[in-house]
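Summary of the model geometry
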Amino acid sequence: MSQFFAIHPENPQERLIKQAVEIIRKGGVIVYPTDSCYAIGCALGDKTAMERILAIRKINLKHHLTLMCADLSDLGTYAKVDNSQFRQLKAATPGSYTFILQATKEVPNRTLHPKRKTIGLRVPDNAIALALLKELGEPMLSSTLMLPEDDEPLTDPYEIRDRLEHAVDLVIDGGWCGTEPTTVIDMTDGVELMRQGKGDAGLFGL
């Protein structure tokens, strides 16, 4: 049975953030709000928790998982970017964008796209998500909370709890997030729009 925390969307309670991060560190899978949709996440190095996320979503790694980051300070550790790309990323973060980037050896191989060795990277503009990431001290492996039988992401925390209370360890109620996913920008070879979502692709001249 999952736990259920109601966390203030603008002033997250530190006590609840610490408890949520402890669940992640112990191998838990959590549902949490972002600036586009609710996401499902776990510790980057936890193979079992990652496999639980893939099973819940019924996807494989040809569907990119995302490194959810508190800021761009981790970028050089986990992704290969040049100065021009870094400036573009800096101009668009935090925000509703997911960037597809070549991963470094610091990213566990099992989390990568099997052929391209790429990973999604994102810095969300959401107080709860950022508080979790700062307390965790490393990126969280994440995916949009889109269940295989649904046409759009889940956005009601109470419905999420009803449907996933036996599949995840924690559901965070951070209010209504919306159902529009991130804009996905592939930066592995130039700049290519892979999915138009909430973020303005015009920032990249697309």
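Refer to the structure above for everything that follows.
A brief look at the structure comes next. Nothing here was measured: the structure is a model prediction, and the numbers come from that model. (Residues numbered from 1 in each chain as written. Predicted model: local features only at pLDDT ≥ 70, side-chain atom pairs only at ≥ 80, totals over all residues. Heavy atoms only, no water.)

A few words on the nonpolar core. Val31, Phe99 and Leu145 are the most contacted members of the largest nonpolar core, which totals 44 residues. Looking at this core, the elements with two or more residues in it are strand 3 (38-43), helix 2 (47-57), helix 3 (75-78), helix 4 (83-92), strand 5 (97-102), strand 6 (118-122) and helix 6 (157-164). With 5 residues, helix 2 is the largest single contributor of residues to this core. With sequence-adjacent residues up to four places away left out, Leu145 is seen in contact with Val31, Tyr38, Ala39, Ile40, Pro153, Leu154, Ile160 and Leu164. Core analysis: the next-biggest nonpolar cluster, separate from the first, contains 22 residues, Ile7, Ala20, Val21 and Ile128 among them. (Core = buried A, V, L, I, M, F, W, Y, C linked by side-chain atoms within 4.5 Å. Buried < 20%, exposed > 50% of the residue type's maximum accessible area, 1.4 Å probe, protein only. Helix = DSSP H or I, 4+ residues; strand = E, 2+ residues; numbered from the N terminus. Contact = heavy atoms within 4.5 Å.)

The sheet built from 10 strands is open, its strands ordered 1-8-2-3-7-4-6-5-9-10 with mixed pairing. Here the strands that pair on one side only, and so sit at the sheet edges, are strand 1 (3-6) and strand 10 (192-195). Adjacent strand axes in the sheet meet at a mean angle of 35 degrees when their direction is disregarded. Judged from the 4 bridges that link them, strand 5 and strand 6 form a sheet pairing that is antiparallel. Residue pairing across strands places Phe99 opposite Leu121, the latter belonging to strand 6. This element, helix 1 (residues 14-25), spans strand 1, strand 2 (30-33), strand 3, strand 7 (140-144) and strand 8 (170-173) of the sheet and lies at about 150 degrees to strand 1. In the packing of helix 6 onto the sheet, contacts are made with strand 1, strand 2, strand 3 and strand 8, and the angle to strand 8 comes to roughly 170 degrees. (Pairing = 2+ DSSP bridges. Axes fitted to C-alpha atoms, helices over the stretch in contact; angles between N-to-C directions.)

Time to look at a nonpolar patch on the surface. Side chains of Val191, Leu193 and Leu206 sit close together on the surface and give an oily, nonpolar patch of about 210 Å² of accessible area. In this structure, Leu206 sits in the segment after strand 10. (Patch = residues over 30% accessible without salt bridge, like charges linked within 9 Å, V, L, I, M, F, W, Y side chains within 5 Å. Areas by Shrake-Rupley, 256 points an atom, 1.4 Å probe, with all protein chains shown as cover. Salt bridge = Lys/Arg side-chain N within 4 Å of Asp/Glu carboxyl O.)

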